[in-house]
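# Structural features, examined
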Amino acid sequence: MRSGFVGVIGKANAGKSTLVNVLVGEKVAIVSPKPQTTRDAITGVLTKPEYQIVFVDTPGIYKAKNRLSDMMLKTAETTAKDVDFLLYVHDGHGGVADSDISLMKKYLSENIPMAIAYTKIDIMQKENILADVKTLYDNGIDCDVLPVSARKYTNIGKLEAYLAEKMPEGDKVISEDIVSDKSERFMVSEIMREKLLLKFGQEVPHGIAIVINTFNRQDNGVWDINLDIVCEKPNHKAIIIGKQGAAIKEVSSFARKDMEKFLGAKVFLTTYVKVKEDWRNRPNLLKDFGYDE
C-alpha cells in the first residue's frame, strides 16, 4: 500500500482544479474560466486498493492585489512545503514564459520531489509540446513533464499511475469513503460562487463572497438553504440581480440544480445580494466570510 499527499501548484487558471476533479472523480473544487477561482487549499482524495493519493489544490499563484489575495498566496506557499510530492500544473496552451521557468525553479529548490503536468494539450499543436519540453530542459527544469488533457481525459490514467508510484509506502491517511475534507456547507457555497463566475464573466470581478445563513434539512428531506451573495460595489449588485431580478433567478436556478446533484436531495434555495465595499481588505469581514488568517 502506498499513500501520501500531493500539492497541486501553479499559476492562476492553469487548470489545477479541473485536473484534481478529474483525478478524484468527484467535484471537490469549483471551476471557471477566470483565474484565482480557488480560494482555499481544497483536499481531494483518490483511494484505490493499492494506493491513496490526497490532492491539496491550492489557490493559483499571481500578484497579490489585496489582503485576501495575499492570504491566498500564503496558502499556496505553505501547502508546497508540507506534502510528499509536488505536481506543478502548467498551461501548455500558453507556451513557456520566463516567469514560468522562475516559478518552477523556485519550487524545485524546496527539495520536494516534483513533476510538471503540462495541461490543455487538446487545444494545441503537438509539435509545440515537444518544443516547450525542450525549452524547459534547456533552462534547467530537471523533472518529469507529463502532457495531459483533463477535458479529454488524455493521459489521466498514466498521470494517476505515475503519482501513485511516487507515494511513500504506508497505510491510508484518510478514510476511504471520504473524497474531500470540506463540509457540505462549504461545497454548497462554492457551487453558488462558481455559477456566479460562469454567468457574469468579466462583468463582476472576483470580489464575491458567499455567506450561508441557513443550511438545514427538513423532515421531508428537502434542504432549506438561505445565503447572501456579497459583492463590493452597488453596480455589481445591479448586474447580479439583473433587470427585474432575471439574472439572479437564472444563476440561482443553475446553482440549485448542482446543489441537488451534490446533496442527493431537493433544495429550496433563497438568495440575497448585499454590498460590502472593499471587503477583501477588511480583516473583520474576511474572518466573517470564512477567510481566517
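Figured I'd write up the structure that's included with this text. This structure is a prediction, so every number in the text was calculated from the model and none was measured.

## Here's the deal with the sheet that holds strand 8 (residues 223-231)
The strand order 7-8-9 describes an open sheet built from 3 strands, whose pairing is mixed. Pairing within the sheet leaves two strands with one partner each, and these edge strands are strand 7 (209-217) and strand 9 (267-275). Each adjacent strand pair in this sheet contributes to an overall mean axis angle of 15 degrees, direction not counted. The pairing of strand 7 with strand 8 spans 8 bridges and is antiparallel.

## Brief notes about helix 3 (residues 98-108)
Among all positions of helix 3, only Asp 100, Ile 101, Leu 103, Met 104 and Tyr 107 are buried. Viewed end-on, helix 3 has its buried residues packed into an arc of 165 degrees, placing them on one side of the element.

## Focus on the pattern of salt bridges
Two side chains that carry opposite charge are able to pair once their charged atoms sit near each other. The full count for this structure, using the stated rule, is 12 salt bridges. Lys 48 is paired through a salt bridge with Glu 160; the nearest N and O atoms lie 2.7 Å apart. In this pair, Lys 48 is assigned in strand 2 (residues 42-48) and Glu 160 in helix 5 (residues 156-166), connecting sequence segments 112 residues apart. With a relative accessible area of 12%, Glu 160 lands in the buried category. In this structure, Glu 250 and Lys 199 form a salt bridge, with 2.6 Å as the shortest nitrogen-oxygen distance. Linking Glu 250 in helix 8 (residues 246-263) with Lys 199 in helix 6 (residues 184-200), this pair joins segments that are 51 residues apart in sequence.

Definitions and limits used
- Residues numbered from 1 in each chain as written.
- Predicted model: local features only at pLDDT ≥ 70, side-chain atom pairs only at ≥ 80, totals over all residues.
- Heavy atoms only, no water.
- Pairing = 2+ DSSP bridges.
- Helix = DSSP H or I, 4+ residues; strand = E, 2+ residues; numbered from the N terminus.
- Axes fitted to C-alpha atoms, helices over the stretch in contact; angles between N-to-C directions.
- Buried < 20%, exposed > 50% of the residue type's maximum accessible area, 1.4 Å probe, protein only.
- Arc of directions from axis to C-beta.
- Salt bridge = Lys/Arg side-chain N within 4 Å of Asp/Glu carboxyl O.

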